[in-house]
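Okay, here's what each chain looks like letter by letter:
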Amino acid sequence: MGEEDYYLELCERPVQFEKANPVNCVFFDEANKQVFAVRSGGATGVVVKGPDDRNPISFRMNDKGEVKCIKFSLENKILAVQRTSKTVVLPEKRSLKLLKSHNINVNWYMYCPESAVILLSTTVLENILQPFYFRAGTMSKLPKFEIELPAAPKSTKLSLSERDIAMATIYGQLYVLFLRHHSRTSNSTGAEVVLYHLPREGACKKMHILKLNRTGKFALNVVDNLVVVHHQDTETSVIFDIKLRGEFDGSVTFHHPVLPARSIQPYQIPVAGPAAVTNQSPVPCKLYSSAWIVFQPDIIISASQGYLWNLQVKLQPIVNLLPDKGRLMDFLLQRKECKMVILSVCSQMLSESDRATLPVIATVFDKLNHEYKKYLDAEQSYMAVEAGQSRSNPPLKRPVRTQAVVDQSDMYTHVLSAFTENKDTPHKFVVAVLMEYIRSLNQVQIPVQHYLHELVIKTLVQHSLFYMLHQFLQYHVLSDSKPLACLLLSLESFYPPAHQLSLDMLKRLSTANDEIVEVLLSKHQVLAALRFIRGIGGHDNISARKFLDAAKQTEDNMLFYTIFRFFEQRNQRLRGSPNFTPGEHCDEHVAFFKQVFGDQALMRPTTF
């Protein structure tokens, strides 16, 4: 299997720690994501490492017996050590204050540090869960809820195991994930993961069921808002996205894996040791090992090998594994690092080898622009509040521009420019795609940037499709803009009616004439600027130097000759002499003309 087929991988730079052995005990703190390696009960050293810690923490403790659990408080200020089932020791003397107490029979508990929620398992079957929420030194009791256990013969004693429960934040909401090894319905085989939504207020509700269609040993991670289910027997994993459309039965949505099951990408463990030894080949890591321990949201630990990895999703391989482009786009738009992959999908669907149909292309554009519009609207609302034009309660946060926002500049730079330049693509298809993108923008009322219109016009002119250009302008398919009018002016030599079309557009835009001339000159359209100014009868009052400067900048000597000759003729007509007056400051241009064309090329005064 090639590397392009694996959509899950272990991070390149794992946290390394001393392997677990009879002398060295390894503990993991889920709140701080730290690994503790405790040697000889701490007497010969404790080393603490976390994913973001450049410098590990090392210290020693007196060996007062076996360490059952060890953790730091947040920001590593207080160390807590548990050596018996009923006592927790703080090495520094501290006073503790009881804030609140509840009397509950607890079978086991689970804590989610990201959401500061603890779940307590109660009752004989262990399936009534009581959540508590911690905030600013207070503890709030949330409504308890029942986890539905699978149907089983009366002789079998069922109970809810801590191993089958996980808590994770998915798309900003807290969920309790229950791995149910047998479906509640008799006609359904295989295990399933049931997602219960646990809100801050209101009752917990069963929302989603992820169908695994297999049995055996499973483990759960959550990566980039995707639920990853690892299957030890087959040494493969599958991913689920609860934002993608599933099958809704009126109360719960059923989901199937987004993609076929695949192994995590093979991982090589580098050989440690002196430089002379390290040229040995890396050792393949045993994936899906029974020694692996999985923690939420995305952590995999191998205590026997001394590694802590973060699990990661690779998006590029998914492009070829999910042929439905609409569903692929729905999936990619929810991922953190999606922009360049989305743009590569757009380029791919326009390429000769993998060309999509226009309806599919339209669907992709619509999905991208829906996300783009959502961001623009949020930004506009925020700016209105900031400017005091509207009020918001609670105060609006500035919208975050995620990678899912693919704007016109992104599409133009990374997709459409190269697409229009490809000579092998049929020009009718090129025009159709450009117009489809413009239609999609118009549909969600996003103003179309002039450079997209320019791309359409250049494509039409290149293939002499002037009748189509005329229709697009006549029926305002291409929106009026000054840059577009200037582009039309420059096309007059190819298509004479373009001159009048551009003038009509500029009149509709109520543009000042000198502004139009400036824009044309800045785009080196010197002849177009001169034609325009002659068309409106203003050529007797324009600055000769400004036009000669612009002509010289083009480095086109024949263009310079034409412009120079025009102003000589104007001088002759207005003043009876082709020479420039000192006030026109054209001496350097006269000198340049002589240098290139010779004195004899200068116009001689006409006498009558």
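Presented here is an overview of the structure given in this document. (Residues numbered from 1 in each chain as written. Predicted model: local features only at pLDDT ≥ 70, side-chain atom pairs only at ≥ 80, totals over all residues. Heavy atoms only, no water.)

Time to look at the nonpolar core. Ranked by size, the top nonpolar core spans 122 residues in total, and within it Ile 239, Phe 331, Met 411, Leu 416 and Phe 547 carry the most contacts. Considering each element in turn, this core owes the most residues, nine residues, to helix α6 (residues 427–443). If we ignore the near neighbours within four places in the chain, the residues touching Phe 331 are Leu 226, Ile 239, Asp 241, Leu 244, Val 258, Leu 315, Ile 318 and Leu 322. Grouped together as the second largest cluster of nonpolar side chains are 23 residues, Met 110, Cys 112, Leu 129 and Ile 165 included. (Core = buried A, V, L, I, M, F, W, Y, C linked by side-chain atoms within 4.5 Å. Buried < 20%, exposed > 50% of the residue type's maximum accessible area, 1.4 Å probe, protein only. Helix = DSSP H or I, 4+ residues; strand = E, 2+ residues; numbered from the N terminus. Contact = heavy atoms within 4.5 Å.)

The strand order across the open sheet formed by three strands is β7-β8-β9, and the pairing between neighbours is antiparallel. For this open sheet the edge positions go to β7 (69–72) and β9 (88–89), each flanked by a neighbour on one side alone. (Pairing = 2+ DSSP bridges.)

Enumeration according to the criterion identifies 22 aromatic pairs in this entry. On the numbers, 5.9 Å between centres and 85 degrees between planes, the contact of Phe 419 with Phe 429 is edge-to-face. In this pair, Phe 419 is assigned in helix α5 (residues 408–421) and Phe 429 in helix α6, connecting sequence segments 10 residues apart. We note that Phe 419, like Phe 429, is buried. (Phe/Tyr/Trp six-rings, centres within 6.5 Å; stacked < 30°, edge-to-face > 60°.)

Ordered by their spatial adjacency, four strands build an open sheet running β3-β4-β5-β6, and the pairing between neighbours is antiparallel. Each having just a single partner strand, β3 (24–29) and β6 (57–59) make up the two edges of the open sheet. Direction aside, neighbouring strands of the sheet carry axes that sit 15 degrees apart on average. Here β3 runs beside strand β4 (residues 34–39); their pairing, made up of six bridges, is antiparallel. Note on β4: the bridge partner recorded for Phe 28 is Val 35. (Axes fitted to C-alpha atoms, helices over the stretch in contact; angles between N-to-C directions.)

This next bit is on the side chain of Arg 180. Within the fold, Arg 180 resides in strand β16 (residues 173–180). In terms of polar contacts, Arg 180 uses its side chain to reach the side chain of Glu 192, at 2.7 Å. Setting aside chain neighbours within four positions, we find Arg 180 in contact with Glu 148, Leu 149, Pro 150, Ala 191, Glu 192, Val 194 and Ile 209. (Polar contact = N/O pair within 3.5 Å; in protein donor to acceptor, adjacent residues only side chain to side chain.)

Contact pair helix α9 (residues 482–490) / helix α10 (residues 497–508): the axes reach a minimum separation of 7 Å and the direction vectors enclose 160 degrees. By the angle between their directions, the pair α9 and α10 is classed as roughly antiparallel. Between α9 and α10 lies a crossing whose hand is left-handed. Every residue of α10 that contacts α9 at Leu 484, Ala 485, Leu 488 and Leu 489 is listed here: Ala 498, His 499, Leu 501, Ser 502, Met 505 and Leu 506. Looking at the contact of α9 with α10, its residues break down into eight nonpolar, two polar and no charged. (Parallel < 35°, antiparallel > 145°, perpendicular 65-115°, else oblique. Left-handed = near helix turned anticlockwise from the far one by under 90°. Nonpolar A, V, L, I, M, F, W, Y, C, P; charged D, E, K, R; others polar.)

Worth remembering: the numbers are spatial, not functional.
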